[in-house]
Amino acid sequence: MSRYWSSLVHRLTPYVPGEQPKLAKLVKLNTNENPYPPSPRVAEAIAEELSKGGERLRLYPDPSADCLKEAVAARFADCGISAQQVFVGNGSDEVLAHAFMALLKHELPILFPDISYSFYPVYCGLHEVAYATVPLDEDFAIRIDDYVAPNGGIIFPNPNAPTGCLLPLDQIARLLARHRESVVVIDEAYVDFGGESALALVNEHPNLLVVRTLSKAHSLAGLRVGYAVGQCALIEALDRVKNSFNSYPLDRLAIAGAVAAIGDQAYFDGTRQAVMRSREVLCTALSGLGFAVLPSAANFVFARHQQQDAAELAAALRQRGIIVRHFKLPRIDQHLRITVGTDAQCALLVDALREILA
Ligand SMILES: *Cc1c(COP(=O)(O)O)cnc(C)c1O
């Protein structure tokens, strides 16, 4: 606490990211990074951007990253998405922060699930957005009938985090139709691991904003690139906030790398299929060890052991050099969120758990 702080800073409760250990030897299954490297085209594009001794770095990047917006629009041409319907930012966390300020800050509270991405209440604190949480049902599913209260907006990840549970697209369409007065933000950080994207609904629904990231399915958490897709009025609101905050959120290397990653659809499909296959093997193994595993459409699983305390399990795994995520939060303090690694990493996890549980 310091008398130099603004009153807002005194009231903030910042987000706590998962540990990024300095030890290289750990099996890192705690922050949902992709276990595979990004497309080789990413490093090539970045090297090209750095050519001639990095001469290009002298100049500011394109403030609107138009070539990246074109790449996103081209990839989702089948949904009728144009570059004018794309907003890009320094990770989807930044895109989400702008959405809270630009589209979700109203008189009425916004709604999101009681168990969800824990950054949402943090953005509400930063931007002074009123909110109310809506409990997931007993199976940890989102029930759209529970979102009937008048609201200033609705936001949730699909599949949800940290549960991995997917809400079918027809349910999202119904939610959008019921709440025409407010913006519905669908955070699709994990949708490429088994979900159906709401991008197909953008042109029918002026109140839909879809937020996506290259951090998970494109293996680019370290590059910090995210984007949002919506009708032009929503994109203009995000642009107004962005241009009041930071004109150049994406640097030259991030723009070049992201365009290359989005262009390599074959590589992307290969790695996400590999993650999905490993997930099924992991789920079966965990069930065999006495875990109740929620059905996951993401690159992580959310599992609870029938006998063993979750915090103790996480600590015992850490002693064996494996880190997973445990949230000390109501309803989920007996669950572990485990990122799907390579088959070899998953096997190390399962072997360690078998030893701990023996
Ligand atoms: C990882 C994650 C993000 C943030 O992704 P970045 O693009 O790396 O900032 C957003 N939403 C959810 C639900 C996530 O799990």
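Since this is a predicted model, take the numbers as computed values, not measurements.

Procedures and definitions
- Residues numbered from 1 in each chain as written.
- Predicted model: local features only at pLDDT ≥ 70, side-chain atom pairs only at ≥ 80, totals over all residues.
- Heavy atoms only, no water.
- Buried < 20%, exposed > 50% of the residue type's maximum accessible area, 1.4 Å probe, protein only.
- Helix = DSSP H or I, 4+ residues; strand = E, 2+ residues; numbered from the N terminus.
- Pairing = 2+ DSSP bridges.
- UniProt positions renumbered as here; feature names shortened; annotations may be inferred.
- Contact = heavy atoms within 4.5 Å.
- Lys, Arg positive; Asp, Glu negative; His and termini not counted.
- Salt bridge = Lys/Arg side-chain N within 4 Å of Asp/Glu carboxyl O.
- Polar contact = N/O pair within 3.5 Å; in protein donor to acceptor, adjacent residues only side chain to side chain.

> How would you summarise the pairing of strand 10 (residues 300-305) if you had to cite specific residues and measurements?
The buried count for strand 10 comes to five of six residues, which makes it a mostly enclosed element. Pairing between strand 9 (residues 291-293) and strand 10: three bridges, direction antiparallel. Looking across to strand 10, one finds that Ala292 is bridged to Arg304. From the end of strand 9 to the start of strand 10, which pair antiparallel, there are six residues. Bridging between strand 10 and strand 12 (residues 335-339) involves five bridges; their strand directions are antiparallel. Paired with Phe302 across the strands is Arg337, a residue of strand 12.

> Can you lay out the UniProt feature "modified residue: N6-(pyridoxal phosphate)lysine" (unreviewed entry) in the protein for me, pointing to particular residues and giving the numbers?
Per the UniProt entry, the sites bearing "modified residue: N6-(pyridoxal phosphate)lysine" (unreviewed entry) are Lys216 in this numbering. For Lys216, a relative accessible area of 16% gives the class buried. Sequence-distant contacts of Lys216, defined by excluding residues within four places in its chain, comprise Thr31, Asn32, Asn34, Ala189, Tyr190, Phe193 and Asn299.

> Which residues make up the side chain of Arg337, and what are the values?
When you line up the elements, Arg337 lands in strand 12. An unpaired buried charge is present at Arg337: no salt bridge exists, and Glu33, the closest side chain of opposite charge, is 8.3 Å distant. Within the structure, the side chain of Arg337 is placed 2.7 Å from the backbone oxygen of Asn30, a separation counted as a polar contact. Discounting residues that sit within four places of it in the chain, Arg337 has contacts with Leu29, Asn30, Thr31, Asn32, Pro162, Phe300, Val301, Phe302, Val324, Arg325 and Phe327.

> Tell me about the pairing of strand 2 (residues 86-89), and name the residues and values.
It is a general feature of regular strands that their side chains alternate between the two faces of the sheet. Burial of strand 2 is two-sided: the residues Val86 and Val88 facing one way and the residues Phe87 and Gly89 facing the other way are all buried. For strand 2 and strand 8 (residues 226-230), the ladder comprises four bridges, and the chain directions are antiparallel. In the sheet register, Val86 faces strand 8, and the bridge partner there is Val229.

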